[in-house]
Amino acid sequence: MGIVMKPTIKDIAAESGVSIATVSRVLANKTGSYSEKTAAKILKIAKELGYRKNSAAVDLVKKRSNVIALIINATPTNFSTQIIDGIQQRAGELGQGVIILYAGDRDNTLQHQAIITALERSVSGILLAAIEPDAEDLTLLKASRIPFCFVSLYLGTADILAVSSDNRDLAYQATQYLIDRGHSRISLVGIDNYHTGSQRQAGYRDAMAANRLATPAILPGDYSFAAGERLLQQVQAQHVTAVIAASDMVAAGLLTAAHQRGVRVPEDLSIMSIDGTIICQITTPALTSMTQDFYRIGSQSVNKVMGQPAEDFVPVEITERASVARVH
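None of the values given here were measured: they were computed from a predicted structure. (Residues numbered from 1 in each chain as written. Predicted model: local features only at pLDDT ≥ 70, side-chain atom pairs only at ≥ 80, totals over all residues. Heavy atoms only, no water.)

(A) Fine view of the overall build of the protein. Summing up its helical and strand segments, the protein has 13 helices and 11 strands in all. Referenced to the eigenvectors of the C-alpha coordinate spread, the extents of the protein come out at roughly 75 × 45 × 35 Å. Here the protein holds 328 residues, and 54% of them are scored as buried. Across the protein, every contact between residues at least 6 apart in sequence was considered, and the portion connecting residues at least 24 apart equals 69%. Accessible area of the protein: about 15,000 Å², with a carbon and sulfur share of 51%. The average position of the 31 basic charges and that of the 31 acidic charges among the side chains of the protein differ by 6 Å. (Helix = DSSP H or I, 4+ residues; strand = E, 2+ residues; numbered from the N terminus. Buried < 20%, exposed > 50% of the residue type's maximum accessible area, 1.4 Å probe, protein only. Contact = heavy atoms within 4.5 Å. Areas by Shrake-Rupley, 256 points an atom, 1.4 Å probe, with all protein chains shown as cover. Lys, Arg positive; Asp, Glu negative; His and termini not counted. Charge placed at Lys NZ, Arg CZ, Asp CG, Glu CD.)

(B) Broad picture of empty space enclosed by the protein. Evaluated as defined, the whole model comprises 1 cavity of 30 Å³ or more. There is about 230 Å³ of room inside the largest cavity. Around the largest cavity, the lining comprises 21 residues; the ones closest to its centre are Phe79, Ser152, Thr196, Arg200 and Tyr223. The greatest single-element share of the lining of the largest cavity, amounting to 3 residues, is contributed by helix H9 (residues 195–210). Tallied by class, residues from the lining of the largest cavity come to 7 nonpolar, 9 polar and 5 charged. When residues of the lining of the largest cavity are sorted by domain, at least three fall in each of domain 2 (63–163) and domain 3 (167–292 + 315–319). (1 Å grid on protein atoms, 1.4 Å probe; cavity = no way out; pocket = protein on both sides within 12 Å on 5 of 7 lines; lining within 4 Å. Points joined across faces, edges and corners; volume = space filled by probe spheres on them. Nonpolar A, V, L, I, M, F, W, Y, C, P; charged D, E, K, R; others polar. Domains from an automatic or database assignment.)

(C) Molecular detail of the pairing of strand S3 (residues 125–129). Within S3, 5 of the 5 residues are buried, which leaves it mostly tucked inside the rest of the structure. Across the two faces of S3 the burial is the same, with Gly125, Leu127 and Ala129 and Ile126 and Leu128 all buried. Judged from the 5 bridges that link them, strand S1 (residues 67–72) and S3 form a sheet pairing that is parallel. Considered in S3, the bridge of Ile72 is made with Ala129. With 4 bridges connecting them, S3 and strand S4 (residues 148–151) associate as parallel partners. Its bridge partner being in S4, Leu128 is matched across the sheet by Phe150. In this view, the connection linking S3 to its parallel neighbour S4 by way of helix H7 (residues 135–144) has right-handed handedness. (Pairing = 2+ DSSP bridges. Right-handed = clockwise from strand over helix to strand, strands pointing away.)

(D) Highlighting helix H10 (residues 225–237). Of all the bends in H10, the largest measures some 40 degrees and sits at Leu231. Ala227, Gly228, Leu231, Leu232 and Val235 are the residues of H10 that are buried. Structurally, H10 contributes buried residues whose contacts are with strand S6 (186–191), strand S7 (219–220), strand S8 (242–245) and helix H11 (248–261). Directly after H10, the chain includes His239, whose backbone phi takes a positive value near 55 degrees. (Bend = angle between axes of the 7 residues up to and from the residue.)

Here it is, written out as structure tokens:
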């Protein structure tokens, strides 16, 4: 006997010839943006398909939901636990529960499905952690009229809620820190070209230009340990004295490869890491870092999506450890 797939709002939209967002609004009983005829058609098709809303019956009759949906991208880094802790704590203080939806790693299909799943529930807000939205995602989110906020990602536009570190300033500070310690040949390693990556690249280039220093080729990667391991050879070929690692995982990968290849850190190569998670404390040597306050980013994002006062940018700080040497 074959498995019968449960119908979704996407199926209802396809059958009725309207957008997913319109279906979502009708099923959530959000009035004012569609005709009664359209609503009747959607409800009839939903019934015919055997659609059942993915939430408890009590949610359907409440004026206000008490659940926040968190959609999280599975980037190969390790900061998400702190963000989740901050979200969970603050949500609880505001009487909100949290459901977590998995969006894969830069997987547009899984990401889109996670957003649809969130819209199928009666939620008070949607948080998107390290999610890079495409145009379809943004259209769907905006049309739903459910408050949403990006977490640890700033899209650069004032009309979309977000809480993040200032990634341009963060990278500028990291670069300047190395320059102040005598380094002039500095590389940025393991980074992508999405919003966060582009902002960090800009900050790095700004600091190098402000100090009239040549900028080596930026070495691309996906923020992973494997990227750091793989890129050490290219770092050596650049003849730099210091690197800024795009994440703690990249820094740990560089450090592991350095040990294997007989490259001494920090004597031969200084490593400055971005993130400042527990990884920085358990490596040998311990990693100097631009430390982000992920817990605060999480808690502030709950404030923002719930209409409470909140920061746009959460401050970062430099945590000095043992992976950066002074160059004389």
